[in-house]
Amino acid sequence: QRLRRLRLCNNRLSDAAAEVMAESLRCNKALVNLELAGNRVTDLGCSLFIEMVRCNCVINTIDLSNNMVSESSMRALSQQIAQRTPGSSPKSATAAQSSSRCQIASRAIPAN
């Protein structure tokens, strides 16, 4: 059995932890969902996940809600996930940010 979801929310994880995770996940063939809500990841950590997603075609959800990640970094991560997801486009990746929530997922955005 393989680990498909890793939930490390509210653990005070920093960019240093993001660096270790991103490097470890480059060759991952199993993990689909990475949940890191409520940590201390910044734009630097987000950029490391963007680089990781360029090599990893399996992961399709990275939850960075309640971190210190800018909207532009979240958008870049969303676009990177969408670019390498078969049949996907930047519009089919979700990047929602409010004062307390940022989430990236490669799934269709419902029409309003």
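Starting from 1, residues in each chain are numbered consecutively following that chain's sequence as written. Local features in this predicted model are restricted to residues whose pLDDT is 70 or higher, and side-chain atom pairs enter the listing and the counts only when it is 80 or higher, whereas totals over whole chains, interfaces and linings include all residues. Based on all heavy atoms of the structure, the side-chain values leave hydrogens and waters out of the count.

**Remarks on the overall build of the chain**
Strands are runs of DSSP state E lasting at least two residues, helices are runs of H or I lasting at least four, and both sets are numbered from the N terminus onward. Helices and strands together make up the secondary structure of the chain, namely three helices and five strands. Put simply, the chain runs from its N terminus to its C terminus through helices and strands in the order β-α-β-α-β-α-β-β. A fraction of 72% describes how many contacts in the chain between residues 6 or more apart in sequence connect residues 24 or more apart. Per-residue accessibility takes into account occlusion by the displayed protein chains alone, with areas from the Shrake-Rupley method and a 1.4 Å probe. In the form shown here, the chain has an accessible surface area of approximately 6400 Å², with 49% of it arising from carbon and sulfur atoms. The contact criterion used throughout is that any non-hydrogen atoms of two residues lie within 4.5 Å.

**Quick look at helix H2 (residues 43-55)**
A helix is expected to reach a length of 1.5 Å times the quantity of its residues less one. Between its terminal C-alpha atoms H2 stretches 19 Å, which fits the 18 Å expected from 13 residues at 1.5 Å a residue. Those residues of H2 that are buried lie in contact with helix H1 (15-25), strand E2 (33-35), strand E3 (61-63) and helix H3 (71-84).

**A few points about the pattern of salt bridges**
Note on definitions: salt bridges are taken to be side-chain nitrogens of Lys or Arg within 4 Å of carboxyl oxygens of Asp or Glu. Within this structure, the stated rule accounts for five salt bridges. The salt bridge partner of Glu 23 is Arg 26, with a shortest N-O separation of 3.3 Å. Overall, Glu 23 belongs to the exposed group, its relative accessible area being 52%. Assessed through its relative accessible area of 25%, Arg 26 is described here as partly exposed. The residue Arg 75 makes a salt bridge to Glu 71 at a minimum N-O spacing of 3.4 Å. One end of the pair, Arg 75, and the other, Glu 71, are both in helix H3, four residues apart, so they sit about a helical turn from each other. Via salt bridges that share partners, Arg 5, Arg 7 and Glu 35 belong to a single interconnected network. Between buried and exposed lies partly exposed: a residue is buried under 20% and exposed over 50% of the maximum accessible area for its type, with that area taken using a 1.4 Å probe on protein chains only.

**Structural notes on the packing of H2 against H3**
A fitted line through C-alpha atoms represents every axis, and for helices the fit uses only the stretch in contact; the resulting angles, taken between N-to-C directions, go from 0 to 180 degrees. The interhelical angle for the contact between H2 and H3, taken along N-to-C directions, is 5 degrees, at an axis separation of 9 Å. If you check the angle between H2 and H3, you find them roughly parallel. For the pair H2 and H3, the contacting residues are Asp 43, Cys 46, Phe 49, Ile 50, Val 53 and Arg 54 in the first and Ser 73, Met 74, Ala 76, Leu 77, Gln 80, Ile 81 and Arg 84 in the second. When its residues are assigned to classes, the contact of H2 with H3 shows eight nonpolar, two polar and three charged. Just so you know how the angles are binned, under 35 degrees is roughly parallel, over 145 roughly antiparallel, 65 to 115 roughly perpendicular, and the rest oblique. For this classification, the nonpolar set comprises Ala, Val, Leu, Ile, Met, Phe, Trp, Tyr, Cys and Pro, the charged set comprises Asp, Glu, Lys and Arg, and every other residue, Gly included, is treated as polar.

Read these as layout, nothing more, since geometry by itself doesn't imply function.
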